[in-house]
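Each chain, written out:
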Amino acid sequence: MDQGPAVEPRLDRAGALLAVAAYLLWGAFPFYFHLLAAAGAVEIIGHRILWSFLFCLLGVVLWREWPHLREVLANRRLCWGLAGAGVLVSLNWLIYVWGVLNDHIVDAALGYFINPIVTVSLAVLVLHERLRRAQLVAVSIGAVAVVVIALGYGQVPWVALSLAATFATYGLVKKKVGSRVSPLVGLTVETALLAPLALLYLAWLQGTGTGAYLAHGPGLTVLLTLAGAVTAVPLLLFAAASSRIPLTMMGLIQYLTP
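Residues numbered from 1 in each chain as written. Predicted model: local features only at pLDDT ≥ 70, side-chain atom pairs only at ≥ 80, totals over all residues. Heavy atoms only, no water.

Participant: Would you mind going over the overall build of the chain in detail, with residue names and values included?
Facilitator: Helices and strands together make up the secondary structure of the chain, namely 12 helices and 0 strands. Helices and strands appear in the chain in the N-to-C order α-α-α-α-α-α-α-α-α-α-α-α. Summarising its shape, the C-alpha atoms of the chain cover approximately 75 × 50 × 25 Å along the three principal directions. By sequence separation, contacts in the chain at least 24 residues apart represent 88% of the contacts at least 6 residues apart. (Helix = DSSP H or I, 4+ residues; strand = E, 2+ residues; numbered from the N terminus. Contact = heavy atoms within 4.5 Å.)

Participant: Report on the pattern of salt bridges, specifying residues and quantitative values.
Facilitator: What the rule picks out here adds up to 2 salt bridges. A salt bridge links Asp12 to Arg244; the shortest N-O distance between them is 3.2 Å. Placement of the pair is Asp12 in the segment before helix H1 (13–27) and Arg244 in the loop between helix H11 (217–242) and helix H12 (247–253), with a sequence separation of 232 residues. On the basis of relative accessible area, Asp12 is assigned to the partly exposed category, the value being 23%. Taking the relative accessible area as the measure of exposure, Arg244 reaches 42% and is therefore partly exposed. For the salt bridge of Lys174 with Glu190, the shortest nitrogen-to-oxygen distance reads 2.6 Å. (Salt bridge = Lys/Arg side-chain N within 4 Å of Asp/Glu carboxyl O. Buried < 20%, exposed > 50% of the residue type's maximum accessible area, 1.4 Å probe, protein only.)

Participant: If you had to explain the packing of aromatic side chains to someone new, which residues and values would you point to?
Facilitator: Taken as a whole, this structure holds 14 aromatic pairs when the rule is applied. When the ring of Phe33 is compared with that of Tyr96, the centres are 6.3 Å apart and the planes differ by 75°; the resulting orientation is edge-to-face. With a gap of 63 residues between them, Phe33 in helix H2 (residues 29–34) and Tyr96 in helix H5 (residues 76–101) connect regions that are remote in the sequence. Here a set of aromatic residues connected by ring pairs shows up, and it is made of Tyr23, Trp26, Phe167, Tyr170 and Phe238. (Phe/Tyr/Trp six-rings, centres within 6.5 Å; stacked < 30°, edge-to-face > 60°.)

Participant: Outline the environment of Leu78, listing residues and values.
Facilitator: As for its position among the elements, Leu78 is in helix H5. A C-alpha to C-alpha distance of 17 Å links Leu78 and Ala240, two positions 162 residues apart in sequence. Beyond its immediate chain neighbours, meaning those up to four positions away, Leu78 contacts Val72, Val177, Arg180 and Val181.

Participant: Describe in detail a nonpolar patch on the surface, supporting the description with residues and values.
Facilitator: On the surface, Trp98, Val156, Trp158 and Leu161 cluster together into a nonpolar patch covering about 410 Å² of accessible area. With respect to the helices and strands, Trp98 occurs in helix H5. (Patch = residues over 30% accessible without salt bridge, like charges linked within 9 Å, V, L, I, M, F, W, Y side chains within 5 Å. Areas by Shrake-Rupley, 256 points an atom, 1.4 Å probe, with all protein chains shown as cover.)

Shown next, in the form of structure tokens:
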């Protein structure tokens, strides 16, 4: 019996808007991190991890997600997946902040041109998602543009390649666990597994008198503390979007990043 033409799934507009919002916020990050230049890249990452964890933990309390958090923590396989995601995004943060603070902004920006191509490739090869013709054309144009920019850069863009590899893999992990973990609980677990290391490192910096926190006036102290919320909000938006739209679309929307 003829079933008629296949009906394509409807676009989840809310998911697409969440992804756009996340990428727009990330596009503004270089302005923020330049304000933190008195602190080194590793110290900034330590503050991002620690304050992101506390920000997410506060959200778990306010939104009463303790039962879901306990359920996730009881699932060893899920915890390992989130731990891997936490390591990947922390490496991405470290490379990105180091690049911004060491005049590799063009290299870092190139990474976010390469990332959608890697993301789409992972979606097709690992998740077996299919590209529409227009999407295939868009990815092809992006790939050609990346090759041209990379050749013009004159050297191996290792910052760009590292950023693309770490964040595309992070997106894949978030896509695979997104339907099983709420964005808030997922990010809480990711940061919780790294927060003790961040706390120890920051305490060591303060103890040896080499930390920037509290040492450069209240302005920098407040900005480093707020780095948690600044970091967490787009990641929560990204996780929410990942659970609603295909990974191929997540990758292509990234080209809207300023």
